[in-house]
Amino acid sequence: MNKLTLCDLHVHTNYSFDSSAEMERYAVAAIELGLAAICFTDHIDINSHRNTFATFRFDDRLREFQRVKSKYGGKITLLQGYEVGDPHLHPKETAFLRSLQPDMIIGSVHDSPLLDGIVSRREYERAYDKCVRIMAENGDYDVLGHVDVLRKWHDDYVEDTDYVYETLRRCAKRGKAIEINTSSMHRDGVPPMPAPDAVAEFAAAGGKYVTVNSDSHSCGTLGFKCAEIAAALPQEVRRCYFVAGKAVPID
Ligand SMILES: [Zn+2]
Ligand SMILES: [Zn+2]
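Residues numbered from 1 in each chain as written. Chains lettered and ligands numbered in written order. Predicted model: local features only at pLDDT ≥ 70, side-chain atom pairs only at ≥ 80, totals over all residues. Heavy atoms only, no water.

Each protein donor to the zinc ion (ligand 2) is listed here as His 10 (NE2), His 12 (NE2), Glu 83 (OE) and Asp 215 (OD); together their distances run 2.0 to 2.3 Å. Because the angles between the four donor atoms bound to the zinc ion (ligand 2) fall within 80 to 171 degrees, the donor set is best described as irregular. Motif for the zinc ion (ligand 2), donor spacing along one chain: H-x1-H-x70-E-x131-D. Metal-to-metal, the separation of the zinc ion (ligand 2) and the zinc ion (ligand 1) is 3.4 Å; Glu 83 coordinates the two. An identical accessibility class is assigned to His 10 and His 12; each is buried. (Donors = N, O, S within 2.8 Å, 3.2 Å for Na, K, Ca; no water. Tetrahedral: all angles 85-135°; square planar, octahedral: opposite > 155°, others 65-115°. Buried < 20%, exposed > 50% of the residue type's maximum accessible area, 1.4 Å probe, protein only.)

Here's what the structure looks like:
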């Protein structure tokens, strides 16, 4: 088998509230790993827990990105975008982000307002699924982020597979890409998000593009399990990265 061209398109830097990793260190690490492209996707979340949009240093980040790109861009494709929480609830802010011409926006659900105050894990999981469905159908994003991230956060997670499958089918019908996020796999035996059976449903519904991402918050996890997952994708889907919001197929 030919060596896979690998990318990692969900990477948090010190411009995210929960990472202290520098872009330049990621670029060096990615080149050492032989990755073809990485995309910096820092958090934009506006909810009852935080508002990172209000304090985000957009200019500083773009300047730092350009500096790192001019230094390492000959060796690797460096891309930048955002991971936006509930983009459909924040159309003005999301339009502003688009005006900055990011390569890619990941649409995710983290702390959606509809989840506030839910204590029961099962109730929370089902409400989370609904939030993702609404976001998937209405949000402005390029890639649907970690559709079932509670698999990572709840060690006793119970998935409503039919519901998740249907969300992915609707995503496929909208012509959107999904990510397969490997960060759940740091715990033994936990599948990626979504799991292979759900990716197969996306593919069967006409879903075309997937990205395989580590969701790294530090350099040590860059590319985590991405080769393994990329090698086992359904034949109907293609991996891609995004440049200015346009999918570029890999391989
Ligand atoms: Zn996320
Ligand atoms: Zn993330």
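This part is about the packing of helix 5 (residues 121-138) against helix 7 (residues 161-173). Running from N to C, helix 5 and helix 7 point in directions that differ by 10 degrees, and their axes come no closer than 9 Å. By the angle between their axes, helix 5 is roughly parallel relative to helix 7. Here Asp 129, Lys 130, Val 132, Arg 133, Ala 136 and Glu 137 of helix 5 come into contact with helix 7, specifically with Tyr 163, Val 164, Glu 166, Thr 167 and Arg 170. Along the lines of polarity and charge, the residues of the contact of helix 5 with helix 7 split into four nonpolar, one polar and six charged. (Axes fitted to C-alpha atoms, helices over the stretch in contact; angles between N-to-C directions. Helix = DSSP H or I, 4+ residues; strand = E, 2+ residues; numbered from the N terminus. Parallel < 35°, antiparallel > 145°, perpendicular 65-115°, else oblique. Contact = heavy atoms within 4.5 Å. Nonpolar A, V, L, I, M, F, W, Y, C, P; charged D, E, K, R; others polar.)

So, about unusual backbone geometry. With an omega of -5 degrees, the peptide bond running from Met 193 to Pro 194 counts as cis. In the Ramachandran plot, Gln 101 falls in the positive-phi region, its phi being about 55 degrees despite a non-glycine side chain. The topology assignment puts Gln 101 in the loop between helix 4 (91-99) and strand 4 (104-108). Among the residues examined, Gln 101 registers a relative accessible area of 61% and is labelled exposed. The backbone phi angle of Lys 225 is positive, close to 60 degrees, even though this residue is not glycine. Positionally, Lys 225 belongs in the loop between strand 7 (209-213) and helix 9 (226-231). Classification of Lys 225 by relative accessible area gives partly exposed; the value is 32%.

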